[in-house]
Structure formats: C-alpha cells, structure tokens
Amino acid sequence: QQQQQQVKPKYEKYHCNGPSTGDYIVGLTREASVDRVVGSLPTYPRNLQKFEVLGNMFAATLSPQDVLQLLDYDAVEYVECDGKVSVGGRRN
C-alpha cells in the first residue's frame, strides 16, 4: 500500500486583515468542482456554503494551512478574506 506524499505549498505565508483562522470566499474557475477542491484540503472546512448560482465559489471557515494550499491550486481564481470592519471616524 502506497502512502500519499503531502506536497508543500509554494507559498509560506499570506496577509489578511483578520484572525489567522477565519472566514473566506474562494472563487474557482468555471471548470473546477467545489466538492473536489474542498475534498482535497487537509481538513474539511467548517461552515461550508456553496454559491453555485452566483458563480463557481464557496465560503467557509479555513485554517492558514487550507488557505496556503488553495493559493497553490490552478482551479482557484481568488481567495478573499472576510476581515474585521472597524470605524474609521464619526461624523459630528
């Protein structure tokens, strides 16, 4: 029985204005399968929501390792971080 060798992602870090584990929206190419991409991650994402009507994308709570792996995939067009919104100023 052959063991599957885990491939190291080509990226080692990324920047997001939120917590390291957070909510993300992931856009895929038209040909990609959400189930196949999600199924290839080391852990199954929490809070998974598929948006097939809006486009080929999904939202989920992802770990930093998941994000780095997704950034490596040709099937992934973008990974959007759902960062914290804070007040910049108040009108008087």
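Predicted model, so just to flag it, every value in this text is computed and none were measured. (Residues numbered from 1 in each chain as written. Predicted model: local features only at pLDDT ≥ 70, side-chain atom pairs only at ≥ 80, totals over all residues. Heavy atoms only, no water.)

K.L.:
Explanation requested: the side chain of T61 in the structure shown.
P.N.:
Locating T61 in the fold gives a position in strand 3 (residues 57-62). Residue T61 is classed as buried on the basis of its relative accessible area, which comes to 8%. Separated by 2.8 Å, the side chains of T61 and N47 make a polar contact. (Helix = DSSP H or I, 4+ residues; strand = E, 2+ residues; numbered from the N terminus. Buried < 20%, exposed > 50% of the residue type's maximum accessible area, 1.4 Å probe, protein only. Polar contact = N/O pair within 3.5 Å; in protein donor to acceptor, adjacent residues only side chain to side chain.)

K.L.:
Which parts of the structure should I look at to understand the nonpolar core?
P.N.:
One broad trend across soluble globular proteins is that nonpolar side chains are buried collectively. Of all hydrophobic cores here, the largest spans 14 residues; its most connected members are V26, L28, F58, L62 and L70. Where this core is concerned, the elements lending two or more residues are strand 1 (22-28), helix 1 (34-39), strand 3 and helix 2 (64-72). Residues within four places of L70 in sequence aside, it is in contact with V26, V37, L41, F58, L62, V76 and V79. (Core = buried A, V, L, I, M, F, W, Y, C linked by side-chain atoms within 4.5 Å. Contact = heavy atoms within 4.5 Å.)

K.L.:
What is the right way to look at the pairing of strand 1 in this model?
P.N.:
Within a regular beta strand, the side chains point alternately toward one face of the sheet and then the other, so they alternate between its two faces. By the criterion of burial, strand 1 is predominantly enclosed, with 5 of the 7 residues buried. By the bridge criterion, 6 bridges tie strand 1 to strand 3 in an arrangement that is antiparallel. Each residue of the ladder has a partner; that of G22, found in strand 3, is L62. Of the pairings in the sheet, the one linking strand 1 to strand 4 (residues 76-81) comprises 5 bridges and is antiparallel in character. (Pairing = 2+ DSSP bridges.)

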